[in-house]
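Structural overview
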Amino acid sequence: MVVEHALLTVEAGREDEFQEVFGKAREVPAEADGFRWAELLRCAERPGVFLLLVGWESVEAHTVGFRESERFLRWRALVGPFFAEPPDVEHYVELGPRFFG
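Residues numbered from 1 in each chain as written. Predicted model: local features only at pLDDT ≥ 70, side-chain atom pairs only at ≥ 80, totals over all residues. Heavy atoms only, no water.

Along the chain, the regular secondary structure elements total 4 helices and 4 strands. Ordered by position from the N terminus, the helices and strands of the chain form the series β-α-α-β-β-α-α-β. Against the 2.2 N^0.38 benchmark of 13 Å for 101 residues, the chain shows a C-alpha radius of gyration of 14 Å, consistent with a compact globule. For the chain, the C-alpha atoms occupy an extent of roughly 40 × 40 × 20 Å along the three principal directions. Counting the 101 residues in the chain, one finds 34% classified as buried. Of the contacts made within the chain by residues no fewer than 6 positions apart, 73% connect residues no fewer than 24 positions apart. Within the structure as shown, the chain displays about 6,400 Å² of accessible surface, and the carbon and sulfur contribution to it stands at 53%. Side chains of the chain carry 11 positive and 19 negative charges; the gap between the two charge centres is 3 Å. (Helix = DSSP H or I, 4+ residues; strand = E, 2+ residues; numbered from the N terminus. Rg over C-alpha atoms; globule rule 2.2 N^0.38 Å. Buried < 20%, exposed > 50% of the residue type's maximum accessible area, 1.4 Å probe, protein only. Contact = heavy atoms within 4.5 Å. Areas by Shrake-Rupley, 256 points an atom, 1.4 Å probe, with all protein chains shown as cover. Lys, Arg positive; Asp, Glu negative; His and termini not counted. Charge placed at Lys NZ, Arg CZ, Asp CG, Glu CD.)

Spelled out as structure tokens, the structure:
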């Protein structure tokens, strides 16, 4: 499994509206083959910056299966208008199970 790490910078003053729309938009990638889970975090120091973490079966499940599908077009139509700049997206490979203290 890989984890998509996407930094999303939202236009100033639209953060709450983005969170509301994201609540609906999150269902779109969840329909994709290879989708495992997703989590949206908001930066405490920079309230216009969000971190989207998405678990995918593989990089290709995200970059081909989702990004090259009509689902991605629906996703971007919902959340894209809020972006102040293009998202910064990278993929990380899990090295082992999560640990808890």
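Below, the discussion takes up the environment of Leu 41. Along the polypeptide, Leu 41 turns up in strand β2 (residues 35–42). Sequence separation between Leu 41 and Ala 6 is 35 residues; the distance between their C-alpha atoms is 10 Å. With residues up to four places along the chain from it excluded, the contact list for Leu 41 reads Val 49, Phe 50, Leu 51 and Leu 53.

Turning to the pairing of β2, a few remarks are in order. Alignment of β2 against strand β3 (residues 49–56), held across 7 bridges, turns out to be antiparallel. Counterpart to Leu 40 in the pairing with β3 is Leu 52. Counted along the chain from β2 to the antiparallel partner β3, the turn is 6 residues long. (Pairing = 2+ DSSP bridges.)

So, on to the environment of Arg 71. Within the secondary structure, Arg 71 is located in helix α4 (residues 70–79). Note: C-alpha distance between Arg 71 and Glu 4 (67 residues apart in sequence) is 17 Å. With near-sequence residues (within four places) excluded, Arg 71 lies in contact with Val 28, Glu 31, Ala 32 and Phe 66.

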